[in-house]
Every structure is written in C-alpha cells, then in structure tokens.
Amino acid sequence: MNTATKLSGFALGLAVVFGATYGVGRVADPVAPPVEAPHDATGGHGNDGEAGHGGDNGAAAHLPGGLLVSDRGYTLRPVGAPAGQFAFQVTGPDGRAVTAYDVAHDKRMHLIVARRDLSGFRHVHPEMQPDGTWQVDTPLGGPGVWRAFADFTPTGGEALTLGVDVTVPGTLTERPLPAPAASTTVDGYTVTLAGAPQPGRTAELTLTVSRDGAPVTDLEAYLGAYGHLVALRQGDLAYLHVHPNGEPGDGRTRPGPEVSFSAEVPSAGAYRLYLDFKHGGVVRTAEFTVVAGSPTGASAPAATGAPAASTPAATNPPTADASHGVPGHGHD
C-alpha cells in the first residue's frame, strides 16, 4: 500500500447544535468556507494513488476532505440517541439511510472527531444498526465546538469524507495550538517526525517510535497498517487521512521503528498531525503541530485554536479537559 494522500444529532442527552446546512447535491458546511486545493484534491482518501472521490466539475471537486456535509448525493445526518451515545446516519441519493458499505482498512466506518482548537482528537469505529444508524459511546470529551468526520465507502460508490460541526455546551476555556516540534511523547513512548509537508506537492514524512531510548521494532498491525496518520488544517479543519508506505506482510515493510507516509497538503498553513500506532496491545496517538510553507505574516501557528472570523460556529472556545498532546482517546 504505497499511498500518496489525495485530499480525501448526534444526541448526547445534551443540547447539541449542528453548524451545517443540508440540501440536494453537494452542500458545504457554512463554518468551513470553500478553499480551493491544488491538483485534484477531492475530499476522500484513496489507495495506491487513486483519488478518494473526484472527477466532477464544480467547486466541491477542489475541496479537501471533511468540508462538506453532503457530497455526491450522500449526506451526514444527525439522529437521536440515548444519553452518552453518539449516533448518525448517512443518507444516499435516494434519501434513504445507506446500509451497504465496503470495508476499508478493516472497518466499514471510521469516525474522527476533534475540537475546533484541534484538541480532543479521537478515532473510533461505530457499529451500524439494521436501519443504517451508526452508534458509539460518545467520543466528545466535553464542552466545545467539535468537528465530526465520517470516513467511509458506500458499496458501489467512491470513498467519501463528510464533516459536520457539533456544539456541546458548558463552561469553556480556549486552548492554544502547541508550537511546532520535531518530537512528542505519549505514555512513555517518544515519536520523532522527519520531513515537512509541502503545499501542493507530495512530501515524505517519517515517524520513528522509541521507548525508554530504545527503538520499537515490534509495532503491531492496526487496521491493516503499522500506523495511521490524520492531518487537520488549522482554521477550517480540512481533513487528510494518510496511510503509510507499505503494509504488514508485504515482505518489505518492517514493524518499526519507522513508519513512513507520502502526504500532500492543499495549502500553506498550520496543521495538526495525529499518528495512531499500536504496541503492547494498546493503540496510542502521538500529536504534532507542523507548518507547511510560509503562511503570510506568520512562521508558526497562531496562539489560539479559534478558527477565522468567517467561522462563527466556533466562537465558544473549548474546555481544557481535552488537552493537546495527550492521548485521552480510545479506539474501537
């Protein structure tokens, strides 16, 4: 699996507000203003260099993933659920809940959530009910404006990533985005990043895992790979789901300490990277802040997690209980 990235309610017993507009065809979430990406970045994630979903005319074909709540006739819709649960459906071109999905990376549905200050990241896998409702223990860690990404492939269709904002009320405290750094620690593991993303072209990123100063050479396969990398762009939270070069059992890919990725980001700016890796039977997440290119007027991320003024749904800053750089999320 030599993958170059192609820019590929919820009721909790709380008052949940969705910052999304639903309609026919492609619908852009109003909190995520369209931003054109170079080449054919189309909002999904593909395999072996194939676009996640693309080829149409129109502005949506140039958007990174996760900026749309509706695309190609598929729409991410909230449904009611018991307190403490997170539930949704994906409706198809016929308006009915989709019940047939292809397995991609060992799962039929990948649900990723993060607050709009890029803290509180979680990657979970809901279970589908016979009526097409996906449900999971809530991945939302507390008050704040969250972005939820549904990453899936409908049977007979192309891979899609749809996104919607979810507001969980409560006492909120804004968290600044951590400064860029080449290494981070999680649960006693040190993960070091080599390489830097480049706007509009493919760059090699290599993440090296060590523990107590010794390289980890027995990483375990998780969802069919030795590592999974998600990147979110600061501001609109454009979504990139990156998979590593090589795969377990291919005769050439080693189980650590290095996991390499080919990644392309759509623009200059600050991004938050989240690497999921499995060792000792536990999945952990290492987080990094990186800057691609030279954003106008800044060489590092702004010291705030709040999106631009054009994204009013995120005016309430998130609370401190989902800190940056601390894994606090589970994997189902």
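Preceding block: the structure.
If you're wondering where the values come from, they're calculated on a predicted model, not measured in any experiment. Each chain has its residues counted from 1, running along the sequence as written. Where local features are concerned, this predicted model is filtered to residues with pLDDT of at least 70; where side-chain atom pairs are given and counted, the filter is 80 or more; whole-chain, interface and lining totals use all residues. Excluded from the side-chain calculations are hydrogens and water; all other atoms, namely the structure's heavy atoms, are used.

K.L.:
I'd like a description of the overall build of the protein chain, backed by residues and values.
P.N.:
Looking only at helices and strands, one finds zero helices and 20 strands in the protein chain. Working definition: with a 1.4 Å probe on protein chains only, accessible area under 20% of the residue-type maximum means buried, over 50% means exposed, and in between means partly exposed. Across the 332 residues in the protein chain, those meeting the buried criterion constitute 54%. Of the accessible surface of the protein chain, which amounts to about 12,500 Å², a share of 50% is contributed by carbon and sulfur atoms. The helix and strand labels rest on DSSP assignments: H or I over at least four residues marks a helix, E over at least two residues marks a strand, and numbering proceeds from the N terminus. Here, Shrake-Rupley sampling with a 1.4 Å probe gives the accessible areas, and only protein chains in the shown set may cover a residue.

K.L.:
Pulling in residues and values, what's your account of the sheet that holds strand 20 (residues 282-292)?
P.N.:
A pair of strands counts as paired when DSSP detects no fewer than two bridges linking them. Strands sit in the order 17-16-19-20 across an open sheet of four strands; the sheet is antiparallel. Taken across any chain shown, the strands that pair with only one partner, and hence form the sheet edges, are strand 17 (239-242) and strand 20. Recorded for the sheet is a direction-independent mean angle of 20° between the axes of neighbouring strands. Taken together, the 11 bridges between strand 19 (residues 269-279) and strand 20 define a ladder with antiparallel strand orientation. Of the residues in strand 20, the one forming a bridge with Ala-270 is Val-291. Axis lines are fitted through C-alpha atoms, for helices just across the contact stretch, and the angle between N-to-C directions can take any value from 0 to 180 degrees.

K.L.:
Please set out the pairing of strand 3 (residues 68-71) residue by residue, giving values where relevant.
P.N.:
Here strand 3 runs beside strand 4 (residues 74-78); their pairing, made up of two bridges, is antiparallel. Paired with Ser-70 across the strands is Thr-75, a residue of strand 4. What sits between strand 3 and strand 4 in their antiparallel hairpin is a turn of two residues, with Arg-72 showing a positive phi close to 55°.

K.L.:
Outline the nonpolar core, listing residues and values.
P.N.:
Take the buried residues of types Ala, Val, Leu, Ile, Met, Phe, Trp, Tyr and Cys, join any two whose side-chain atoms come within 4.5 Å, and each joined set is a nonpolar core. Judged by nonpolar contacts, the single largest core of 26 residues is most densely connected at Val-191, Leu-273, Leu-275 and Phe-277. Every element with two or more residues in this core is listed here: strand 13 (189-194), strand 14 (203-211), strand 16 (228-233), strand 17, strand 18 (258-263), strand 19 and strand 20. In this structure, Phe-277 is in contact with Val-186, Tyr-189, Val-191, Val-209, Leu-219, Tyr-226, Val-282, Val-283, Arg-284 and Ala-286, ignoring residues within four places of it in sequence. Counting residues in each nonpolar core, the second largest holds 25 residues, with Phe-88, Leu-111, Leu-160 and Leu-162 among its members. Any pair of residues with heavy atoms lying within 4.5 Å of one another is described as a contacting pair.

K.L.:
Please provide a residue-by-residue account of the side chain of Gln-85, values included.
P.N.:
Looking at the secondary structure, you find Gln-85 in strand 5 (residues 85-91). Each polar contact in these results corresponds to two N or O atoms within 3.5 Å; when the atoms are within protein, one needs to be able to donate a hydrogen and the other to accept it, and residues that are neighboring in sequence are counted only if both atoms are side-chain atoms. Within the structure, Gln-85 has its side chain in polar contact with the side chain of Asp-137 (distance 2.5 Å).

K.L.:
I'd like a rundown of the packing of aromatic side chains, residues and numbers included.
P.N.:
Think of it this way: a Phe, Tyr or Trp ring, Trp meaning its six-membered ring, pairs with another when their centres are within 6.5 Å, and the plane angle makes it stacked under 30 degrees, edge-to-face over 60, tilted otherwise. Evaluation of the coordinates by the stated rule reveals five aromatic pairs. Judged by centre distance (5.1 Å) and plane angle (75°), the ring pair of Tyr-101 and Trp-134 falls under edge-to-face. Placement of Tyr-101 in the loop between strand 5 and strand 6 (110-115) and of Trp-134 in strand 9 (residues 133-137) is noted, with a sequence separation of 33 residues between them.

K.L.:
Just give me the short version of the pattern of salt bridges, but keep the residues and values in it.
P.N.:
We define a salt bridge as a contact between a side-chain nitrogen of Lys or Arg and a carboxyl oxygen of Asp or Glu at a distance within 4 Å. Applying the stated rule across the entire model yields seven salt bridges. Here Arg-72 and Glu-158 are joined by a salt bridge, their closest N and O atoms 3.8 Å apart. Taken as a pair, Arg-72 in the loop between strand 3 and strand 4 and Glu-158 in the loop between strand 10 (144-152) and strand 11 (160-168) lie far apart in primary sequence, 86 residues in all. With its nearest N and O atoms 3.2 Å apart, the salt bridge here joins Glu-287 to Arg-272. In this pair, Glu-287 is assigned in strand 20 and Arg-272 in strand 19, connecting sequence segments 15 residues apart. Exposure remark for Glu-287: the relative accessible area of 4% places this residue in the buried category. Its relative accessible area of 2% is what places Arg-272 among the buried residues. Put simply, Arg-116, Arg-147 and Asp-165 are held in one network by salt bridges that share partners.

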